[in-house]
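Breakdown of the fold
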Amino acid sequence: MDWIINDELGLTVGHLVGWTSASFMVVGGVLPYIPQYRQIKQTQDPEGFSLHVCLALLIANTLRILFWFSSRYELPLLVQSVVMNITMFLMIHLCVKVRRNNAIMRTRERVFSDFDSRYFWQWTDFQSYVDFMLVVWAVGAAVTYLLLSVTWFMETIGFLAVFTEAMLGLPQFARNYKNKSTHGMSICMVIMWTAGDMFKTGYFILRHAPTQFWICGTLQVSLDLAILLQVYIYRKNPAPRNTHRGD
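Attention in this report is confined to the structure presented alongside it. Since we're looking at a predicted model, the values are computed, not measured.

1. As for the overall build of the chain
Secondary structure assignment for the chain yields nine helices and zero strands. Split into buried and exposed, the 247 residues of the chain put 45% on the buried side. Long-range contacts, defined as pairs at least 24 residues apart, comprise 79% of the intrachain contacts of the chain with a sequence gap of at least 6. Surface exposure of the chain reaches about 13600 Å², of which carbon and sulfur atoms provide 68%.

2. Here's the deal with the packing of helix 2 (residues 33–43) against helix 8 (residues 187–206)
The description of two helices packed together rests on the angle between their axes and the distance between the axes. Where helix 2 meets helix 8, the axes come as close as 7 Å, and the angle between the chain directions of the two elements is 170 degrees. In terms of orientation, helix 2 lies roughly antiparallel with respect to helix 8. Judged by residue contacts, Tyr33, Pro35 and Gln36 of helix 2 engage Cys188, Met189, Met192 and Trp193 from helix 8. Residue composition of the contact of helix 2 with helix 8, by class: six nonpolar, one polar and no charged.

3. What about the pattern of salt bridges?
Under the definition given, this model contains two salt bridges. A salt bridge links Asp116 to Arg118; the shortest N-O distance between them is 2.9 Å. Taking the relative accessible area as the measure of exposure, Arg118 reaches 61% and is therefore exposed.

4. Overview of the packing of helix 3 (residues 51–71) against helix 6 (residues 151–166)
Relative to each other, helix 3 and helix 6 sit at 150 degrees, their axes nearing to 8 Å. In terms of axis orientation, helix 3 runs roughly antiparallel to helix 6. The two elements helix 3 and helix 6 meet at a crossing, and its hand is left-handed. In this structure, helix 3 uses Ala56, Leu57, Ile59, Ala60, Leu63, Arg64, Leu66, Phe67 and Ser70 to contact helix 6, whose residues at the interface are Met154, Glu155, Ile157, Gly158, Leu160, Ala161, Thr164 and Glu165. The class makeup of the residues in the contact of helix 3 with helix 6 is eleven nonpolar, three polar and three charged.

5. A look at the packing of aromatic side chains
One pass over the full model with this rule turns up 17 aromatic pairs. Ring centres 5.5 Å apart and planes at 85 degrees place the aromatic pair Phe120 and Trp123 in the edge-to-face group. Centre to centre, the rings of Trp121 and Trp123 are 5.7 Å apart; their planes meet at 65 degrees, and the pair counts as edge-to-face. As far as burial versus exposure is concerned, Trp121 and Trp123 are alike and both buried. Taken together, the ring pairs connect Phe112, Phe115, Phe120, Trp121, Trp123, Tyr129 and Phe132 into an aromatic cluster.

6. Regarding the side chain of Arg110
Checked against the element boundaries, Arg110 lands in the loop between helix 4 (75–102) and helix 5 (126–147). One buried charge, Arg110, has no salt-bridge partner; the nearest side chain with opposite charge is Asp116, at 4.5 Å. Here the side chain of Arg110 touches Tyr119 through a polar contact of 3.1 Å, side chain to side chain. Aside from chain neighbours lying at most four places away, what touches Arg110 is Asp116, Tyr119, Gln122, Trp123, Thr124, Asp125 and Ser128.

7. Here's the deal with the nonpolar core
Of all hydrophobic cores here, the largest spans 33 residues; its most connected members are Tyr33, Phe49, Leu51, Met88, Ile92, Trp121 and Trp193. Secondary structure elements with two or more residues in this core: helix 2, helix 3, helix 4, helix 5, helix 8 and helix 9 (211–233). With nine residues, the top contributor of residues to this core is helix 4. Counting residues in hydrophobic clusters, the runner-up holds 18 residues, among them Leu66, Phe153, Tyr203 and Phe204.

What counts as what
- Residues numbered from 1 in each chain as written.
- Predicted model: local features only at pLDDT ≥ 70, side-chain atom pairs only at ≥ 80, totals over all residues.
- Heavy atoms only, no water.
- Helix = DSSP H or I, 4+ residues; strand = E, 2+ residues; numbered from the N terminus.
- Buried < 20%, exposed > 50% of the residue type's maximum accessible area, 1.4 Å probe, protein only.
- Contact = heavy atoms within 4.5 Å.
- Areas by Shrake-Rupley, 256 points an atom, 1.4 Å probe, with all protein chains shown as cover.
- Axes fitted to C-alpha atoms, helices over the stretch in contact; angles between N-to-C directions.
- Parallel < 35°, antiparallel > 145°, perpendicular 65-115°, else oblique.
- Nonpolar A, V, L, I, M, F, W, Y, C, P; charged D, E, K, R; others polar.
- Salt bridge = Lys/Arg side-chain N within 4 Å of Asp/Glu carboxyl O.
- Left-handed = near helix turned anticlockwise from the far one by under 90°.
- Phe/Tyr/Trp six-rings, centres within 6.5 Å; stacked < 30°, edge-to-face > 60°.
- Lys, Arg positive; Asp, Glu negative; His and termini not counted.
- Polar contact = N/O pair within 3.5 Å; in protein donor to acceptor, adjacent residues only side chain to side chain.
- Core = buried A, V, L, I, M, F, W, Y, C linked by side-chain atoms within 4.5 Å.

Right, dumping it as structure tokens:
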């Protein structure tokens, strides 16, 4: 009788841990952006946050979704990608809105349909960011449909997905280095990045996710730690003089 109870208890605890881990994988990646979102909304200053972080995550999660049609990895990772894309659009919408409100004088609109490479990802309206991603999704879906049976191509898509995500902190690192300051960047966001990426990398290893996932997860944690080191190095530096500039 005892072994039956123990088996049932073990099964219940195992399921609980599994469901908890899966749930955290879905929403855990979003949590770091909550303090950054609130900080931008309160200060009405989006310039400490690099919108290229959003670009990296939108591309990475789009590629991961396409990779799912070949690898069929765990469903929570797929749902996480959808949730992350929605979150990035919310971040972009807020940053674009605040920049427009902060504009001292009316400047020429920069939109995606101009096809001006000088202003790529520095458009002045939110719809342009949506339009660009619609093009990426359409092209990506068409190419994936045609080459779904080509193993090396789909494996490359999987690698690019996790590698791009692993490098998402690089734009923020570069911005901090250029400004010699971390003013306007939410330190809480980076700390939560680091904790979440450590959990995620461990999850990949324990759940035997494709090799690309945990290798790039390790790279992502390393970049997070580098940004935290910048926080320490630049802790006494003042905010950059030109606080309202393009991304």
